[in-house]
Amino acid sequence: MIKYLGHASIYIEVGQTSIVTDPWFSKTGAFLASWHQFPENEDLDLDLVRDVDYVVLSHEHLDHFDIDFLKTINPNTKILIPTYKDKYLLNILLKELKNKVIEVDYKTKYTFCANFTALPLNQTVPIQMDCTWIFETPEGVVVDVNDMAPTKDDIEWMRSNYDIKYLFHQFSGANWYPHIYHYDSEKKVKLSKSKISNKFHHCLSNFKALNAKYLVPSAGPPCFLDDELFDMNFSESSTFPTSDIFYEYCIKEGVAKDSIILCLPNDTIEDNHDNTKLLKHRAYSDKLNYLKEYKERRQGVIDEYKKSINHHSVNDNNLLERFKQSLEPLVESSRFFRNQIGGKVLFQIDKKYNFLINFLKRRNSVSEWSGEEEYMYRYEISLTYLNMILEKKLRWEELFLSCRFKAFRDPDVHNQALQTFLYYDGHQAKDMYKYYEDYYTKRKLEETFQLSDNGKKYECQRYCPHAMADLSKGQVINGELICPNHGWAFKLKDGSCERHNSKIKCEELIEVN
């Protein structure tokens, strides 16, 4: 039996063995009580879930990793997680639970019982500690992609090794951009529509490329029930479309209706699934009134949660010094991130405190903002959330996903290095910074570009192995490609740099008539 329990949670039972993936049932929702399960899944038999043989987790995002619920499961239930280099998920589980935790290596099968296995396909980008779980069952192969963005190689490997019956795939956004940025409404709507279109296309393309029999839209969206965020459920600048909208898109793209399975919490996954059940559900046919009633039922829980963290709003003792102690050692630890971020970032706290991180400086990088220094990024957050971060009660990315902040950037360009820097805010930070640097460097060293010299064309390595300067901006002098930063000279005939005993990829392109 295969059942959908809402969001990214799937229940699978084979004989006497049962598992559940990414259970998310806490009434406080996730991310500072911002995200809530949509449609609500409060009427499920949670005793059935608590007594499963295995809980299978994909990653540490709180809508997949509900630690409060996990504290209520049977202590004999085993927990499976992918083996990640970042041990944050593992460490929290070992600290908070008595259950046995089993790490499963990349592309390694774990056997639950006869004819029932699981295999993790990990995301290969360091900041994305995420995973696709592949389950082999007597009812067919179930692939649970959840939040992961499979690469072309991942898709080819899955297609070559599995005949997929049910593909559970995220179709909705799970990000704060562009909603929290200081853009005008027209720009926000334009950006959001583009993001939604790209997400829909990505999901449908993966479904077709994997040649799965059925597509089950899942892993979102959440809904927003607190007063501060309620309008996001209907805003054109939101990137959280619901599954009925995605279903319409698929039909317009020529996908057969019976190849898509639209699920409500507690639905059994069957080949002859009736999609009209979801389309007629009030969560979709009468969304505004449904959410208003849902909000009334949850409001007391939300208010109680906000009350429980309110004491963080009054502690401004030594705030600058605590901010410095939290971030300056991390800035100092990585020249790579200082160079990649390459500017100043302002943190505006309750419009009262203004702290500047200058990533151009190795030491003493944090200071009070003078009011005149230019910056490229600005984060506007409350004292409550900053204190929670400084006290390790909240992570930066959890704050960002909550959408309970505002941001500004100039130039208006995404800075992945800044996001990564804050993502590893203290847990294994220095190790993970080095891991990301190695990944980034390897990826860059594989990039190439083409140039012409004396009537010949060459394909050359784009980045210099010395300090990652962009060689495509260098000059060719006397048959040598000159690095624009430090003058290293690489021969076009073989890529060698004799003076520094180094070498790049450089090959002549021979045209075949």
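Going by the structure above, here's the rest.
Residues numbered from 1 in each chain as written. Predicted model: local features only at pLDDT ≥ 70, side-chain atom pairs only at ≥ 80, totals over all residues. Heavy atoms only, no water.

**A look at the sheet that holds strand S28 (residues 506-509)**
Taken together, the three strands give an open sheet; going across it, the order is S21-S22-S28, and neighbouring strands pair in antiparallel fashion. This sheet does not close on itself; its edge strands, each paired only once, are strand S21 (448-453) and S28. Put simply, the sheet's adjacent strands are angled 30° from each other on average, direction ignored. (Pairing = 2+ DSSP bridges. Helix = DSSP H or I, 4+ residues; strand = E, 2+ residues; numbered from the N terminus. Axes fitted to C-alpha atoms, helices over the stretch in contact; angles between N-to-C directions.)

**Quick word on the pairing of strand S2 (residues 9-14)**
Among the six residues in S2, five count as buried, and that is most of the element. Relative to S2, strand S1 (residues 2-6) runs antiparallel, the two sharing four bridges. Bridged to lysine 3 within S2 is tyrosine 11. Taking the residues between adjacent antiparallel strands as the criterion, S1 and S2 are bridged by two residues, where histidine 7 takes a positive phi near 55°. Inspection of the sheet shows S2 paired to strand S3 (residues 17-21) by four bridges, in the antiparallel sense. Residue pairing in the sheet places glutamate 13 in a bridge with serine 18 of S3. In sequence, S2 turns back onto S3 through a hairpin of two residues, with glycine 15 there showing a positive phi of about 60°. (Buried < 20%, exposed > 50% of the residue type's maximum accessible area, 1.4 Å probe, protein only.)

**A look at the nonpolar core**
Phe112, Phe323, Tyr379, Trp396 and Phe421 are the most contacted members of the largest nonpolar core, which has 88 residues in total. No other element matches the six residues that helix H12 (residues 383-390) contributes to this core. Apart from the residues within four sequence positions on either side, tyrosine 379 is in contact with Val345, Leu346, Phe347, Gln348, Phe400, Phe405, Lys406, Ala407, Leu418 and Leu422. Counting 41 residues, the second-largest nonpolar core is a separate cluster that includes Leu121, Phe171, Cys203 and Leu264. (Core = buried A, V, L, I, M, F, W, Y, C linked by side-chain atoms within 4.5 Å. Contact = heavy atoms within 4.5 Å.)

**Some words on the packing of helix H10 (residues 319-333) against H12**
At a minimum axis distance of 10 Å, the contact between H10 and H12 shows a crossing angle of 45°. Between H10 and H12, the crossing angle belongs to the class labelled oblique. Note that H10 runs across H12; the crossing there is left-handed. Contacts between H10 and H12 pair Leu319, Arg322, Phe323 and Ser326 from the former with Leu383, Leu386, Asn387 and Leu390 from the latter. A class-by-class count of the residues in the contact of H10 with H12 yields five nonpolar, two polar and one charged. (Parallel < 35°, antiparallel > 145°, perpendicular 65-115°, else oblique. Left-handed = near helix turned anticlockwise from the far one by under 90°. Nonpolar A, V, L, I, M, F, W, Y, C, P; charged D, E, K, R; others polar.)

**Some points on the pattern of salt bridges**
For the structure on display, the rule yields 27 salt bridges. Notably, a salt bridge pairs glutamate 60 with arginine 395, separated by 3.7 Å at the nearest N-O pair. You can see glutamate 60 sitting in the loop between strand S5 (54-56) and helix H2 (67-70) and its partner arginine 395 sitting in the loop between H12 and helix H13 (396-402), a full 335 residues away along the chain. A relative accessible area of 6% places glutamate 60 in the buried class. Overall, the relative accessible area of 8% leaves arginine 395 in the buried class. Lysine 109 is the partner of glutamate 136 in a salt bridge, and the nearest nitrogen-oxygen pair spans 2.7 Å. You can see glutamate 136 sitting in strand S10 (residues 131-137) and its partner lysine 109 sitting in the loop between strand S7 (101-104) and strand S8 (110-113), a full 27 residues away along the chain. (Salt bridge = Lys/Arg side-chain N within 4 Å of Asp/Glu carboxyl O.)

**Some points on the environment of tyrosine 379**
Locating tyrosine 379 in the fold gives a position in strand S19 (residues 377-381). The exposure class assigned to tyrosine 379 is buried, which follows from its relative accessible area of 6%. Between the C-alpha atom of tyrosine 379 and that of glutamine 348, which follows or precedes it by 31 residues, the distance is 6.0 Å.

**Quick word on the packing of aromatic side chains**
Evaluation of the coordinates by the stated rule reveals 47 aromatic pairs. If you follow lysine 187 out to its NZ or CZ, it ends over the ring of tyrosine 183, 4.2 Å from the centre. Stacked on the ring of tyrosine 181, the Lys or Arg arginine 409 has its end atom at 4.8 Å from the ring centre. (Phe/Tyr/Trp six-rings, centres within 6.5 Å; stacked < 30°, edge-to-face > 60°. Lys NZ or Arg CZ within 6 Å of the ring centre and 35° of its normal.)

**Description of the side chain of lysine 324**
Residue position: lysine 324 is located in helix H10. Judged by relative accessible area, lysine 324 falls into the buried class, the value being 17%. Here valine 366 takes part through its backbone oxygen, which lies 3.1 Å from a polar atom of the side chain of lysine 324. Apart from the residues within four sequence positions on either side, lysine 324 is in contact with Pro329 and Val366. (Polar contact = N/O pair within 3.5 Å; in protein donor to acceptor, adjacent residues only side chain to side chain.)

**Notes on the packing of H10 against helix H15 (residues 429-446)**
It is at 10 Å that the axes of H10 and H15 come closest, and there the two elements cross at 35°. Judged by the sense of rotation from one axis to the other, the crossing of H10 with H15 is right-handed. On H15, the residues that touch Pro329, Leu330 and Ser333 of H10 are Ala429, Lys430 and Tyr433. Considering only residue class, the contact of H10 with H15 consists of four nonpolar, one polar and one charged.

**Structural notes on the state of the cysteines**
On inspection of all chains with the given rule, the structure shows zero disulfides. Cysteine cysteine 483 shares no disulfide, and the gap to the nearest cysteine sulfur, in cysteine 464, comes to 4.1 Å. Note on cysteine 483: relative accessible area 4%, which makes it buried. Looking at cysteine 497, it has no disulfide partner, and the nearest cysteine sulfur is the one in cysteine 464, 7.7 Å off. Since its relative accessible area comes to 2%, cysteine 497 is described here as buried. (Disulfide = S-S within 2.5 Å.)

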